[in-house]
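Here is what each chain is made of, one letter per residue.
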Amino acid sequence: MRKFDPWPIFFRREWNRNWPFLVGFAITGTIITKFSLGLTDYDDAIADEIKSDYCPPIPLILAFQFPPFAEEPAHFLKMASTTHFRNRLKFRQNLFSLSKGAVFCSYATNTDKSGTEPADPFVLTTPLYYVNAPPHMGSAYTTIAADAIARFQRLLGKKVIFITGTDEHGEKIAAAAADGGSSPSEHCDVVSQAYKTLWKDLDIAYDKFIRTTEPKHEAIVKEFYSSVLANGDIYKADYEGLYCVNCEEYKDEKELLENQCCPIHLKPCVARKEDNYFFALSKYQKLLEDTLTENPDFVQPSFRLNEVQGWIKSGLRDFSISRASVDWGIPVPNDNKQTIYVWFDALLGYISALSEDRDQPSLRTAVSSGWPASLHLIGKDILRFHAVYWPAMLMSAGIGLPKKVFGHGFLTKDGMKMGKSLGNTLEPNELVHNFGSDAVRYFFLKEVEFGNDGDYSEDRFIKIVNAHLANTIGNLLNRTLGLLKKNCQSTLVVDSAVAAEGTAFKDTVEKLVETARGHYENLSLSSACEAVLDISNAGNSYMDEHVPWSRFKQGGAASEAAAKDLVIILEAMRIIAVALSPVTPNLCWRIYEQLGYSNEQFSNAAWSDTKWGGLKGGQVMAQPKPVFGRIELKTGTEDGGEPAAAKQVAKKKEKKAKAQAVAEA
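Residues numbered from 1 in each chain as written. Predicted model: local features only at pLDDT ≥ 70, side-chain atom pairs only at ≥ 80, totals over all residues. Heavy atoms only, no water.

When helices and strands are tallied, the protein chain shows 26 helices and 20 strands. By the burial criterion, 51% of the 665 residues in the protein chain qualify as buried. Residue pairs in contact within the protein chain that sit at least 24 positions apart in sequence constitute 74% of those at least 6 positions apart. Counting only carbon and sulfur atoms, one obtains 51% of the accessible surface of the protein chain, whose full area is about 30,200 Å². (Helix = DSSP H or I, 4+ residues; strand = E, 2+ residues; numbered from the N terminus. Buried < 20%, exposed > 50% of the residue type's maximum accessible area, 1.4 Å probe, protein only. Contact = heavy atoms within 4.5 Å. Areas by Shrake-Rupley, 256 points an atom, 1.4 Å probe, with all protein chains shown as cover.)

Our focus in this paragraph is unusual backbone geometry. In the segment running from Gln-300 into Pro-301, the intervening peptide bond is cis, with an omega of -10°. Topologically, Pro-301 is positioned in the loop between strand S7 (299–300) and helix H11 (302–313). Backbone geometry places Gln-489, a non-glycine residue, at a positive phi of 55°. Within the element layout of this structure, Gln-489 appears in the loop between helix H18 (458–488) and helix H19 (496–499). Judged by relative accessible area, Gln-489 falls into the exposed class, the value being 59%. Phi is positive for Leu-523, which is not a glycine, with a value near 65°. Residue Leu-523 is classed as buried on the basis of its relative accessible area of 9%.

What follows concerns the pattern of salt bridges. Across all of its chains, the model carries 23 salt bridges by this definition. Among the salt bridges present, the one from Asp-233 reaches Lys-283, with a minimum N-O distance of 2.7 Å. Of this pair, Asp-233 sits in the loop between helix H9 (215–230) and strand S4 (234–244) while Lys-283 sits in the loop between strand S6 (270–279) and helix H10 (285–294), and the two are 50 residues apart along the sequence. On the accessibility criterion, Lys-283 (48% relative accessible area) is partly exposed. Where Arg-517 meets Glu-521, a salt bridge forms, and the shortest distance between an N and an O atom there is 3.0 Å. (Salt bridge = Lys/Arg side-chain N within 4 Å of Asp/Glu carboxyl O.)

Whenever strands of a sheet pair, they do so through backbone hydrogen bonds, lying parallel or antiparallel. Strand order in this open sheet of three strands is S9-S11-S10, and the pairing throughout is antiparallel. Each having just a single partner strand, strand S9 (322–323) and strand S10 (331–332) make up the two edges of the open sheet. Here two bridges tie S10 to strand S11 (residues 335–340), and the two strands are oriented antiparallel to one another. For Val-332, the partnering residue across the bridge sits in S11 and is Asp-335. (Pairing = 2+ DSSP bridges.)

Before going further, it helps to examine the pairing of strand S1 (residues 122–130). Of all the nine residues making up S1, nine are buried; the element is thus mostly covered by neighbouring parts of the structure. In terms of strand pairing, S1 meets strand S2 (residues 160–167) through seven bridges, oriented parallel. Paired with Leu-124 across the strands is Phe-162, a residue of S2. Regarding topology, helix H6 (residues 137–155) serves as the crossover connection from S1 to the parallel S2, and that connection is right-handed. (Right-handed = clockwise from strand over helix to strand, strands pointing away.)

Another aspect to go through is the packing of helix H16 (residues 428–435) against helix H17 (residues 437–447). The contact between H16 and H17 brings their axes to 7 Å, and the two run at 120°. Of the possible angle classes, the one that applies to H16 and H17 is oblique. In this structure, H16 uses Leu-431, Val-432 and Phe-435 to contact H17, whose residues at the interface are Ser-437, Ala-439, Val-440 and Phe-444. Of the residues belonging to the contact of H16 with H17, the class tally is six nonpolar, one polar and no charged. (Axes fitted to C-alpha atoms, helices over the stretch in contact; angles between N-to-C directions. Parallel < 35°, antiparallel > 145°, perpendicular 65-115°, else oblique. Nonpolar A, V, L, I, M, F, W, Y, C, P; charged D, E, K, R; others polar.)

In this section: the packing of aromatic side chains. By the definition in use, this model includes 34 aromatic pairs. When the centroid spacing of 6.0 Å and the interplanar angle of 80° are considered together, the rings of Trp-371 and Trp-390 count as edge-to-face. Here the residue Trp-371 occupies a position in the loop between helix H14 (363–367) and strand S12 (375–379), and Trp-390 occupies one in helix H15 (residues 383–397), the gap between them amounting to 19 residues. Of the two residues, Trp-371 and Trp-390, both sit in the buried class. Just above the ring of Phe-209 sits the side chain of Lys-196; from NZ or CZ to the centre is 4.9 Å. When the ring centre of Trp-311 is taken as reference, the NZ or CZ atom of Arg-384 above it lies at 4.5 Å. (Phe/Tyr/Trp six-rings, centres within 6.5 Å; stacked < 30°, edge-to-face > 60°. Lys NZ or Arg CZ within 6 Å of the ring centre and 35° of its normal.)

Further remarks concern the state of the cysteines. Enumeration according to the criterion identifies zero disulfides in this entry. Sulfur of Cys-261: no disulfide; nearest cysteine sulfur belongs to Cys-269 and is 7.5 Å away. (Disulfide = S-S within 2.5 Å.)

Remark: the principal bend of H18, roughly 40°, maps to Gly-474. Phi turns positive one or two residues past the end of H18, at Gln-489, with a value near 55°. (Bend = angle between axes of the 7 residues up to and from the residue.)

A word on the sheet that holds strand S14 (residues 411–413). Spatial ordering of the open sheet is given by S15-S14-S16, a layout of three strands whose pairing is mixed. Of all strands in the sheet, those with a lone pairing partner are strand S15 (416–417) and strand S16 (454–456), marking the two edges. Relative to S15, S14 runs antiparallel, the two sharing two bridges. Counterpart to Lys-413 in the pairing with S15 is Met-416.

Core analysis: the largest hydrophobic core is formed by 169 residues, its most contacted members being Phe-224, Ile-351, Trp-371, Met-393, Phe-444 and Phe-461. Considering each element in turn, this core owes the most residues, 14 residues, to helix H23 (residues 556–579). Formed by six residues, the second largest nonpolar core is a distinct cluster that contains Cys-244, Cys-247, Leu-256 and Cys-269. (Core = buried A, V, L, I, M, F, W, Y, C linked by side-chain atoms within 4.5 Å.)

Attention shifts here to the side chain of Arg-574. Counting through the fold element by element, Arg-574 comes out in helix H23. Leaving out residues up to four positions away in the same chain, Arg-574 has contacts with Tyr-592, Leu-595, Tyr-597, Asp-609, Lys-611, Gly-613, Gly-614 and Leu-615.

An α-helical segment advances 3.6 residues per turn. Residues three or four places apart therefore align on the same side. Taken residue by residue, helix H7 (residues 171–179) has Lys-172, Ile-173, Ala-176 and Ala-177 as its buried positions. Seen along its axis, H7 keeps its buried residues to an arc of 135°; they face one direction. Along H7, exposed side chains directed more than 90 degrees from the buried face belong to Ala-178 and Asp-179. Residues of H7 that are buried in the fold lie against S1, S2 and helix H8 (184–201). Downstream of H7 by a residue or two, Gly-181 has a phi angle that is positive, lying close to 70°. (Arc of directions from axis to C-beta.)

Shown next, in the form of structure tokens:
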């Protein structure tokens, strides 16, 4: 297609004099073209033009929106040709759209590292955590998993937008604030900050933290509500039913336990009658059924999909999206006597988080900044809201659906469900304080099969962490560096690629790296950890088979071979440091540091660095020191004979003995 270049035809002088006429001419021609091609064909044509880095109407639209363009047209044309400026114009293709479809899609919002090819961001969300109480281990588990997935995607070179935050409206929050003698706003500030503090302690590298009390969120929720209302999917009616205050939703009697108890919170539901606004969920039953049939990966794991399909097939009922009896919430547009139902409010946080603070809050702008989400990561207890309610709401507003919803299982402690009444809660702050973030992250991601329920016990926690991180990984690095220091002045004698020639070990490591990558991509985090751990297991076996400490004593060719063996093991440790970094970022940084790399080099590492051959001859390693101290339970007692809390301590005597053993070798 020949590019339209107005400037050789309309000289600057003529443009300055006649730009309003030209703009009107262009707009009229655009409308005629749109209807002559047909709506769909026109949108496709414009999409193709944008993808080919050229959109003919842009100069004239710029003139219409920005009159200064008439003064310096060449300058603005240059701006229009840049990726950044085109991204600011990503909705031009829908300027005249009359379609009721998902008009909020964008064609190119980001670029890859080369800055040349458009790339969709990987948008990952945790739930927005309810601030009626401080963070608990269930919230921490979801967020740790999300952080590991986000870190892996960044290693692949993707633009990641990792969203988390807090849900701060509703009846329970107002009640919790009153119980604590504070206002709802003060209560939300305290608990929301507690989440941020815990995420920092757990090394959670989120990109966006949204609070549903932020003005930009309220503006987007109201705009979304109005859009759904305009589509005819909101109506007012009386409703009477059994209400779970903890779930903040009406329950169907057939799903309740004895004494009309909620199956999740095990507390009786209360009879309630209100005059509320309702969302026409039943209208979308067929669309939801078709969506799940055509996209079986939309809900994962697969057995969660079966649950969702069962709910839909049993018949969907319209649900209340406002509350007349709750003051702490976003007012319903045009009806200040009611507030928007907490879920109809909170789910929009995934979109409002994408809105930049410097921008005027707008649903369209937020959607264009990264939506749809690549992955919603949630607990199985809120699956219905994310896999049924949320897609239907988005369909009504004409917004694209998220690509995947993954519902993981619950955590138990010593085989029992956790609860304050049982006195067996698991406090994430205490775990991090006692054992460190790497230990907590590794245990829950390695020992809980992602998607299923998992159990925590302190004894098992300590055994797993000591065996895997302190012994299998940490000790292998420490003893290898010790031998290198004694026999090679901590300097690599040859490139790792040369050292591994003719060895099967290199092939083993490469296969395990590919296995780990596949597991990360499939969200099989436990299996990914296992594959990386197997690299270290293979390294320990290699050391035991080749006994380099003995071969150094033989001198000559045997000593040279032993020096190469150390290079091989250290290269494997370098690869482990990259491959396990999504799970244990601090531990992996310490490994990288021991191998002589800077923090900047570690921060810039990519998954491609798991390729064999990174270490080069002549590189000097750091002085050996343990990268992960063993955890031990003190045998003393505290407070009436109870065992003291487990502490992560360095066993100085044991380390000294090991160091002497290495020196003697």
